[in-house]
Amino acid sequence: MTENVWTRWPSREALGQAGTSRPRRMIAWVVRSAALGFLLWAAFHGNRVHGWVAVAGGAGAVLAAFLAWAYYRTTLQHRLWPSLACMLLLLGLAAAGQAGGFQGPAFVLWCGCAVSALERLPLAVALPTASVALSSYAAVNNDVWLTTAATTAGLALAGYVLRLDAEARGNAQRLLAQERAARVAEAESAALAERTRIAREIHDVLAHSLSAQLVHLEAARLLIERGADREQILERVVAARGMARDGLDETRQALSALRGEMTPLEDFLSQLVGTTAGAEVTITGERRQLPAEASQAVRRVAQEALTNVRKHAPGAKVQVRLDYSDRQVTLDVRDFGGSPGELTKAGGGYGLLGMRERAELLGGSLEAGRDEEGFAVTLKVPV
């Protein structure tokens, strides 16, 4: 619902000095000081001002300065009745000054009240207040009527222009504050997204590493239960330790990859396939640099798929195929032959689920399941 323009206060940003340049603030203080100086000079200028009249004039000048300060504070806080009270006291002080022979200070107070009311009060209150102040000035001014009319019209226009200028400055301040808040929120969102990426990357690396370790530790347990010799058991334990070491290395590599420091994807797949007996890799299409997240997804899916082959179908032949097309990259990992391993039931089966979630976050897909010859994992990621 739109706020009524007649009862709406100028914003606090408009009434305050935030966003006002230092030269502009200095000019404002010079103008106020000059006005106060004129009041004091006019109050004491002339031989007729002496004794208690001089004391009254000085007290009136000090009281006017205090009321102006109070008016500034109460309007800044959008307190209508205290603001009106200060304004009425200033108008009364001007009338008292006029009656006491201080015509110059009275004129300054009436004109200042009219301009300040139009600048800082709601229009429904500002217009009557400015009308009273300007009417009082016009009633006692001795200039010709045309000069008086031009002066009052100019003062009213000046007050309204100052109001528009203050509101424009206030709007600019609010927009600037909103932009700063948006930038802060954007920076926080980017930091959160980066932390999420790092957490997911480390999660996937550790999931793969721990799954591979579980394969060897479960094999060691089975060998112990069967009474196998020490060398066979030691071989499995050493392999598990190697997997733990490799997991730490892969974690470091993942963090380096997030910083843009990664080995080419083709080299990574060749090295990965080289550690799996009976596996080979084929790369088709025009090779190109992939985005970091897409490249990491391909790497993690390849690792998880080969770990599953070692777990569920030891001895199987594995065909890893990486295909670059115009709009996506496809990784296909298939195993052929091999007998069900003793560790088929080991692990929770969450590796491929995590890979599927990663692919979906990138707008791609992951399919995994048995076919006529074995098990196939197919990852498609748009690039």
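Residues numbered from 1 in each chain as written. Predicted model: local features only at pLDDT ≥ 70, side-chain atom pairs only at ≥ 80, totals over all residues. Heavy atoms only, no water.

Caption draft 1: Inspection of the overall build of the chain at higher detail. Each helix and strand counted, the chain has 11 helices and five strands in total. Taking the contacts inside the chain whose residues are at least 6 apart along the sequence as the reference set, 70% of them involve residues at least 24 apart. Roughly 21,900 Å² of accessible area belongs to the chain as shown, and the carbon and sulfur atoms make up 60% of that amount. (Helix = DSSP H or I, 4+ residues; strand = E, 2+ residues; numbered from the N terminus. Contact = heavy atoms within 4.5 Å. Areas by Shrake-Rupley, 256 points an atom, 1.4 Å probe, with all protein chains shown as cover.)

Caption draft 2: Looking closely at the sheet that holds strand E2 (residues 317–324). Strand order in the open sheet made by the five strands is E1-E2-E3-E5-E4, with mixed pairing throughout. The open sheet is flanked by strand E1 (279–284) and strand E4 (365–370), the only strands paired with a single partner. Averaged over all neighbouring strand pairs, the angle between strand axes comes to 10 degrees, with direction disregarded. Where E2 lies against strand E3 (residues 328–336), eight bridges are found, and the strand directions are antiparallel. When the sheet's bridge partners are listed, Val320 is paired in E3 with Val333. Where helix H10 (residues 292–312) meets the sheet, its contacts fall on E2, E3, E4 and strand E5 (374–382), and the angle it forms with E3 comes to roughly 5 degrees. (Pairing = 2+ DSSP bridges. Axes fitted to C-alpha atoms, helices over the stretch in contact; angles between N-to-C directions.)

Caption draft 3: Focus on the packing of aromatic side chains. With the rule as written, the count across this model stands at three aromatic pairs. Judged by centre distance (6.4 Å) and plane angle (35 degrees), the ring pair of Phe107 and Trp110 falls under tilted. Within this pair, Phe107 and its partner Trp110 are both found in helix H5 (residues 103–120), separated by three residues, close to a single helical turn. Taking the relative accessible area as the measure of exposure, Phe107 reaches 16% and is therefore buried. For the ring pair Phe107 and Tyr137, a centre distance of 5.2 Å and an interplane angle of 80 degrees mean the geometry is edge-to-face. Taken together, the residues Phe107 in helix H5 and Tyr137 in helix H6 (residues 123–140) connect sequence positions 30 residues apart. (Phe/Tyr/Trp six-rings, centres within 6.5 Å; stacked < 30°, edge-to-face > 60°. Buried < 20%, exposed > 50% of the residue type's maximum accessible area, 1.4 Å probe, protein only.)

Caption draft 4: Main features of a nonpolar patch on the surface. The grouping of Val5, Trp6 and Leu127 at the surface amounts to a nonpolar patch, some 270 Å² of accessible area in total. Take Leu127: it is sitting in helix H6. (Patch = residues over 30% accessible without salt bridge, like charges linked within 9 Å, V, L, I, M, F, W, Y side chains within 5 Å. Salt bridge = Lys/Arg side-chain N within 4 Å of Asp/Glu carboxyl O.)

Caption draft 5: View of the pattern of salt bridges. With the rule as written, the count across this model stands at six salt bridges. Of the charged contacts in the structure, one is a salt bridge between Arg183 and Glu179, with a shortest N-O distance of 2.7 Å. Here the residue Arg183 and the residue Glu179 both occupy positions in helix H7 (residues 145–226), the gap between them amounting to four residues, near one helical turn. Among the residues examined, Arg183 registers a relative accessible area of 55% and is labelled exposed. Given a relative accessible area of 39%, Glu179 falls into the partly exposed group. Linking Arg334 and Asp332 is a salt bridge whose minimum nitrogen-to-oxygen distance equals 2.7 Å. Taking relative accessible area as the criterion, Arg334 reaches 29% and is therefore assigned partly exposed.

Caption draft 6: Fine view of the pairing of E5. The pairing of E3 with E5 spans nine bridges and is classified as antiparallel. Bridge pairing in E5 links Leu331 to Leu379. Note that E4 and E5 share six bridges and pair antiparallel. Its bridge partner being in E5, Leu366 is matched across the sheet by Leu379. Linkage of E4 to E5, two consecutive antiparallel strands, is achieved through a turn of three residues.

Caption draft 7: Structural context of helix H4 (residues 80–99). Between the first and last C-alpha of H4 there are 29 Å, a value that for 20 residues agrees with the 28 Å anticipated at 1.5 Å per step. Along H4, the residues that are buried comprise Ser83, Leu84, Cys86, Met87, Leu90, Leu91, Leu93, Ala94 and Gly97. In the stretch just after H4, Gly101 is the one whose phi turns positive, near 95 degrees. (Expected span 1.5 Å × (residues − 1).)

Caption draft 8: Here's a closer look at the packing of H5 against H6. Between H5 and H6, whose axes approach to 8 Å, the crossing angle comes to 155 degrees. If you check the angle between H5 and H6, you find them roughly antiparallel. The hand of the H5/H6 crossing is left-handed. Touching Gln103, Phe107, Trp110, Cys111, Cys113, Ala114, Ala117 and Leu118 of H5 are Ala126, Leu127, Thr129, Ala130, Ala133, Leu134, Ser136, Tyr137 and Val140, all from H6. Taken together, the residues that form the contact of H5 with H6 break down as 14 nonpolar, three polar and no charged. (Parallel < 35°, antiparallel > 145°, perpendicular 65-115°, else oblique. Left-handed = near helix turned anticlockwise from the far one by under 90°. Nonpolar A, V, L, I, M, F, W, Y, C, P; charged D, E, K, R; others polar.)

Caption draft 9: Expanded view of the environment of Cys111. By secondary structure assignment, the location of Cys111 is in helix H5. Filtering out sequence-adjacent residues up to four positions away, Cys111 remains in contact with Tyr137 and Leu155.

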